[in-house]
Amino acid sequence: MRPDIAFLENFASASCPAGFLTVDLPNRVAEQARKRWRGDETFASRFRRFCDYELMIRLPRFLMPLVAGCVITILQVLMAVALLAPEEPINERYSALVQHDSYWFMNIIDRGYQTIIPPIDHKVMEVSNVAFFPAYPAFAVLLRNVFNVSTGTALLITAQLAAWGFWTYLFLFCRRWKVAPSLQICGTLLILANPAAFFLVAAYSESLFLMALLGFIYWSTTEGRTAKALAATHGLVMSATRIVGIVCAAFPLVRSAFQTGWRGLLKPRKWFRENEAAVGLTVVAACGGIVFFVLCQLRWGHWDLYMRTQAAGWGIVPDYLAVFRPETYRWLVPALNNPTEASQLSMTLGALLLVAIAVCELVPAIRRCAGLPLRAGIYFCAATIYYLSVSGVACVDMESMLRYEFSAYVLIVLALLNFLRQFRTPPVWLRAFGAAAVAFVSAAGLCLQGWYVWNFTRGHWVA
């Protein structure tokens, strides 16, 4: 025995009551040292024993995803503004990302929601503009008033800050799941090279919706009251940005159903009592869109005025069986100058991706049960976005489906990262083949995206 420990034991046996030394002395000494260290920690801060040391440990968890998200967002903006926008002064090149639907958001910000009853039967924003959900213009108004910038610039800054948040949440998921760096790079490239990815930094609501959706999923799968409050906040923004967000608010319910088993739903009262936290979070998250409908009812007497305006101005008449009709799917390679054909093909590719995911999750040889409840919730959101988007634009030849399908595509890639991380490191030849495939798809996607950005920034319709 070490001489110092022997001395302490002899001293303690002579001076301490019997039974006091039931704990191993070295452990007792170590515990006293830890207590002294905790006392030193309170020197930095006495608020709930939170100190600079703990802050230094926790910061890197968020710092690296924040930095990576910022870098990718800046690269997206630079690619669009510096490389592909019209050769004009820099402020006009930047403003070229304000096109088409952006003007409707500008009109809502400048004039508020205005309409006649019934809505006008063609697109005239000065008469009927209740065709977009309020969260995106509301955040843009806040930025415009705080920084005293133009409406178009406020819309762009809002979208690009949301894009930063979206990429940050993507990398936070990768950090939480301990996804290999090579797999993170592949996932990032697959999203970044999607032909519709540039809408993340344009004056559209896609980035805000995706940021809120990923934040809702991230915080709703985190323990703690603060996490649940953040999840509810993200859910409110999500459902107030896009109508499909109201249905995506059911993510906690789907996840809980897979965690506890579907048999529990045979006794709905008991199931709801056991999962009241998930039920409450779903209800609160859906309130962003529900409040918009309530305001429409109070002001104009029609809670469904958004749908009425879409039907009158855009000819949107939902066809909820379109996804089940074979003639809905198009298989021909689209012409570069025909964005409608590109949207039609993207609808077909989206269906193939969902089928491929189902095969991967159901085939016993490759299925992975770990993380399945989480992935099931993500698949639910992706399938909901895809199904409702197809149902909405089937009557207009799938116009804009290229943009609508992008959100579902992002969720599929996110779920795939969670799925693939569970496999052992594949052989070198398989990794080389996968890297080559991702590089080829990314190069083709970036080229196509560049063509679409070139057209979009010159006022041509893309999606």
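Structure shown above.
Residues numbered from 1 in each chain as written. Predicted model: local features only at pLDDT ≥ 70, side-chain atom pairs only at ≥ 80, totals over all residues. Heavy atoms only, no water.

Chemist: In this structure, what is going on with the nonpolar core? I would like to understand it.
Modeler: Within soluble globular proteins, side chains that are nonpolar generally end up buried alongside one another. With 114 residues, the main nonpolar core has Phe166, Trp167, Leu213, Ile378, Tyr386, Phe406 and Leu411 as its most contacted residues. Counting residues per element, this core draws most heavily on helix H7 (residues 151-177), at 15 residues. Setting aside anything within four residues of it in sequence, one finds phenylalanine 166 in contact with Ile191, Leu200, Leu210, Met211, Leu214 and Val410. (Core = buried A, V, L, I, M, F, W, Y, C linked by side-chain atoms within 4.5 Å. Buried < 20%, exposed > 50% of the residue type's maximum accessible area, 1.4 Å probe, protein only. Helix = DSSP H or I, 4+ residues; strand = E, 2+ residues; numbered from the N terminus. Contact = heavy atoms within 4.5 Å.)

Chemist: Explanation requested: the packing of helix H14 (residues 276-300) against helix H15 (residues 305-314) in the structure shown.
Modeler: For any two helices packed against each other, the geometry is given by the interaxial angle and the distance between the axes. Their axes nearest at 9 Å, the elements H14 and H15 cross at an angle of 85°. When the axes of H14 and H15 are compared, the pair comes out roughly perpendicular. On the side of H14, the interface is formed by Phe292, Phe293, Cys296 and Trp300, while H15 contributes Leu305, Tyr306 and Met307. Of the residues assigned to the contact of H14 with H15, the class counts are seven nonpolar, no polar and no charged. (Axes fitted to C-alpha atoms, helices over the stretch in contact; angles between N-to-C directions. Parallel < 35°, antiparallel > 145°, perpendicular 65-115°, else oblique. Nonpolar A, V, L, I, M, F, W, Y, C, P; charged D, E, K, R; others polar.)

Chemist: I'm lost on the packing of helix H8 (residues 181-192) against helix H18 (residues 401-420) in this one. Help?
Modeler: Packing of H8 against H18 brings their axes to within 10 Å, and their N-to-C directions diverge by 170°. Compared by their axis directions, H8 and H18 come out roughly antiparallel. The residues of H18 that touch H8, namely those facing Leu183, Gly187, Leu190 and Ile191, are Phe406, Tyr409, Val410, Val413, Leu417 and Leu420. Looking at the contact of H8 with H18 residue by residue, the class counts come to nine nonpolar, one polar and no charged.

Chemist: Would you explain the packing of aromatic side chains in this entry?
Modeler: Any two aromatic rings considered together are summarised by their centre-to-centre distance and by the angle between their planes. Applying the stated criterion across every chain yields a total of 26 aromatic pairs. Aromatic side chains phenylalanine 133 and phenylalanine 293 sit 5.8 Å apart centroid to centroid with 85° between the ring planes, which places their arrangement in the edge-to-face category. Of this pair, phenylalanine 133 sits in the loop between helix H5 (101-111) and helix H6 (135-147) while phenylalanine 293 sits in helix H14, and the two are 160 residues apart along the sequence. As far as the burial class goes, phenylalanine 133 and phenylalanine 293 line up, both buried. Put simply, the rings of Tyr113, Phe133, Phe292, Phe293, Trp303 and Tyr306 pair up and form one aromatic cluster. In this arrangement the basic side chain of arginine 242 is found over the ring face of phenylalanine 209, its NZ or CZ atom lying 5.2 Å from the centre. The positively charged end of arginine 403 is found above the aromatic ring belonging to phenylalanine 199, 5.6 Å away from the centroid. (Phe/Tyr/Trp six-rings, centres within 6.5 Å; stacked < 30°, edge-to-face > 60°. Lys NZ or Arg CZ within 6 Å of the ring centre and 35° of its normal.)

Chemist: Where do I start with unusual backbone geometry in this structure?
Modeler: Most peptide bonds take the trans form, and the phi angle of most residues other than glycine is negative. In this chain, isoleucine 117 is followed by proline 118 through a cis amide linkage whose omega measures -5°. Looking at the element boundaries, proline 118 is found in the loop between H5 and H6. Notably, lysine 178 is not glycine yet its phi reads approximately 55°, a positive angle. Residue placement: lysine 178 occurs in the loop between H7 and H8. Among the residues examined, lysine 178 registers a relative accessible area of 73% and is labelled exposed.

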